[in-house]
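# Notes for the structure review
Listed here are the chains, written in short residue letters.
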Amino acid sequence: MNRLKNLSSKERKYLAAILFTAFIIKIIFAFTIKTEIRSDSLVYHTLANNIVTLGEYSFEGKPTAIIASGYPLFLSGIYYLFGTEQIYVKIIQALIELFTGLIFFYVSRFFFKTKYSLISLSVFTFLPSNLLYSQTILTEPLFGLLSCIILYFCLKEKFDKRILFLGIVWGYAILVRSSFALSVILLPIFLFIYRRQLFEGFKRKRIKRVIQYSLFFFVGVLLVISPWLIRNKITMNTFTIATQGGFTFWSGSNPDATGTWYHKIEETNPLFDIQDEAQRDREFFKLGLEYAVNNPHKFFIMGIKKLGYLFSSERMIMLYFTEGDDKVKTSTEVYRAINPFISLLINVPYLLIMLLGTWGLLMFSKKSFFLYGFIGIWMITIFMFVALARYHYVLIPFFVLGTVKLFSERKHLFKELSKIRIAGAIGLNLFLIAVWASELYLLITK
């Protein structure tokens, strides 16, 4: 991180001011915003607490592999040192996001001069939803740090001995978010496509170098995830990262699928009653695949709906901070009750970044492989499985870069974009607007 030395004293002060202002805001939130632990957060909390108190990775009295162990292990470390009060998690996650912001600044420097890199960091750091995620018992803060580290080293394009370290970080990111697993194909593909530039001094051995570096990378990944896979084989009789894969696939590939989780889903299929997680996982995969093969058109249409849910509003981060009561309410009813001013404050910046970022992303030419690659792989993953609005958190850094790219080179927009890219940007913007308009319509009418 010697790039910091290249900054002027004034620029370093701006950088520090941005990072620490955001950190202070999150610390204030940590002491003033109270939240209930429920849904996914309750699962993470329970697993972490059982690691500390029982010394086992278990849920509801039995060993489990329902979700990957990365985030519960992280939580258990905090619980072991400080106790189970949420305040400690919030403070540590705020600190983690301070480093995430610093790394994102370095990522921005690959594309922009210091001025626009600082603007990029400011937009990313002070995005209202990003400020709030540090206050959650969710994977987003930890995964955000890991994914930014991965993006930084990928954009640096110096795959020497550090490729083993990159594999290790990538492996832990997969343990935090198992849906990130498909992304491992990007690095070998990149090494192969750009082998001439990467291995100039090895004219006759470039393919060999591609294979060697790919192997080093996968060794790093396996160093992290193999103990977990072995544990699952011994305990659950299956080499898997998470046994939720089957029912998340089936949830998006069945006659009643909506594209996201739907009300009382666990009451809709007797397979949920199977106690053997490995068997249940296989049966759900089998059932979901059978439906997809027999109904390819419906599976494709549902995939588009999933992408709509992926890019929907920031409703989930707002719902996280709502208070529960004894009344049974749908998420839409709870969302409708949120103060409209707060809803606009959180949603409008996100909507603008997604719209503007779409245009800016299409303006990138250099170092664009991993920008497009990570976005594409994530969208394919969501298309195949099931979507939630908070899953777009992974994509926010890319759209922030796109927004700043558009802002910094706005005068050259139509000169740099081909007609195909302009049509693509318009089409994607219309898709996003249609998604948000549909969501608003349903919010008002239901």
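The coordinates are above.
Here's what I pulled together on the structure shown here. (Residues numbered from 1 in each chain as written. Predicted model: local features only at pLDDT ≥ 70, side-chain atom pairs only at ≥ 80, totals over all residues. Heavy atoms only, no water.)

### Some words on the overall build of the chain
The cut-off we apply is this: Strands here mean DSSP runs of E at least two residues long; helices mean DSSP runs of H or I at least four residues long; both are numbered from the N terminus. For the radius of gyration, the atom set is restricted to C-alpha positions; the globular benchmark scales as 2.2 Å times the number of residues to the power 0.38. Relative accessibility decides the category of a residue: with a 1.4 Å probe and only protein chains considered, values under 20% of the type maximum give buried, values over 50% give exposed, and everything between is partly exposed. Contacts between residues were defined by any pair of non-hydrogen atoms, one from each residue, lying within 4.5 Å. Every accessible area reported is derived by Shrake-Rupley at a probe size of 1.4 Å, with residue values counting cover from the shown protein chains alone. Note on charges: Lys and Arg go in the positive column, Asp and Glu in the negative column, and His and the chain ends are not counted at all. To locate a charge, take NZ of a lysine, CZ of an arginine, CG of an aspartate or CD of a glutamate.
Each helix and strand in the chain was counted, giving 21 helices and two strands. Computed over C-alpha atoms, the radius of gyration of the chain comes to 22 Å, within 12% of the 22 Å expected from 2.2 N^0.38 for 446 residues, which places it in the range of a compact globule. Summarising its shape, the C-alpha atoms of the chain cover approximately 55 × 55 × 50 Å along the three principal directions. Among the 446 residues that make up the chain, the fraction classed as buried is 53%. The contacts in the chain between residues at least 6 apart in sequence include a share of 76% that link residues at least 24 apart. For the chain, the accessible area works out to roughly 21,900 Å², and carbon and sulfur atoms hold 65% of it. Put simply, the chain has 49 plus and 28 minus side-chain charges, and the middle of one group is 17 Å from the middle of the other.

### Things to note about the packing of aromatic side chains
To keep it simple, the criterion reads: Stacked, tilted and edge-to-face pairs are distinguished by plane angle, under 30 degrees for stacked and over 60 for edge-to-face with tilted covering the rest, among Phe, Tyr and Trp rings (Trp via its six-membered ring) whose centres lie within 6.5 Å.
Scanning the entire structure with this criterion turns up 44 aromatic pairs. Centroid distance Tyr44 to Tyr71: 5.2 Å. Interplanar angle 80 degrees. Geometry classified as edge-to-face. You can see Tyr44 sitting in helix H2 (residues 39-54) and its partner Tyr71 sitting in helix H3 (residues 70-82), a full 27 residues away along the chain. Residue class for Tyr44 comes out buried when judged on its relative accessible area of 10%.

### Considering the environment of Thr114
On the secondary structure map, Thr114 appears in helix H5 (residues 114-126). Accessibility expressed as a relative area gives 10% for Thr114, which makes it buried. Each C-alpha atom, one on Thr114 and one on Tyr152, is 16 Å from the other, the two residues being 38 residues apart in sequence. Setting aside chain neighbours within four positions, we find Thr114 in contact with Leu7, Glu11, Phe105 and Arg109.

### So, unusual backbone geometry
Residue Glu60 is not a glycine yet carries a positive backbone phi of 55 degrees. Tracing the chain through its elements places Glu60 in the loop between strand S1 (58-59) and strand S2 (62-63). With relative accessibility at 68%, the residue Glu60 sits in the exposed group.

### Thoughts on the state of the cysteines
Convention followed: Cysteine sulfur atoms are paired as a disulfide whenever they fall within 2.5 Å.
Within the structure shown, the criterion is met by zero disulfides. For the unlinked cysteine Cys148, the closest cysteine sulfur is that of Cys154, found at 12 Å. Looking at Cys148, the relative accessible area reads 2%, which means it is buried.

### What to know about the pattern of salt bridges
Condition: Salt bridge, as used here: a side-chain nitrogen of Lys or Arg that lies within 4 Å of a carboxyl oxygen of Asp or Glu.
Applying the stated criterion across every chain, the model contains nine salt bridges. Arg315 serves as the salt-bridge partner of Glu439, at 3.5 Å between the closest nitrogen and oxygen. Linking Glu439 in helix H21 (residues 419-445) with Arg315 in helix H15 (residues 315-320), this pair joins segments that are 124 residues apart in sequence. With relative accessibility at 12%, the residue Glu439 sits in the buried group. Using a relative accessible area of 15% as the deciding quantity, one classes Arg315 as buried.

### So, H21
Keep this limit in mind: A helix is expected to span 1.5 Å multiplied by its residue count minus one.
Under the 1.5 Å per step criterion, the end-to-end length of H21 is 38 Å for 27 residues, consistent within 8% with the ideal 39 Å. Of the positions making up H21, those classed as buried are Ile422, Ala425, Asn429, Leu432, Val435, Trp436, Glu439 and Leu443.

### Comments concerning the environment of Thr32
Selection rule: As used in this structure description, the phrase polar contact means that two N or O atoms lie within 3.5 Å; if the pair is within protein, one of them must be able to donate a hydrogen and the other to accept it, and residues adjacent in sequence are counted only when both atoms belong to side chains.
Topologically, Thr32 is positioned in helix H1 (residues 9-32). When its relative accessible area of 53% is taken as the criterion, Thr32 is described as exposed. Placed 55 residues apart in sequence, Thr32 and Ile87 show a C-alpha to C-alpha distance of 10.0 Å. At 2.7 Å, the side chain of Thr32 forms a polar contact with the backbone oxygen of Ile28.

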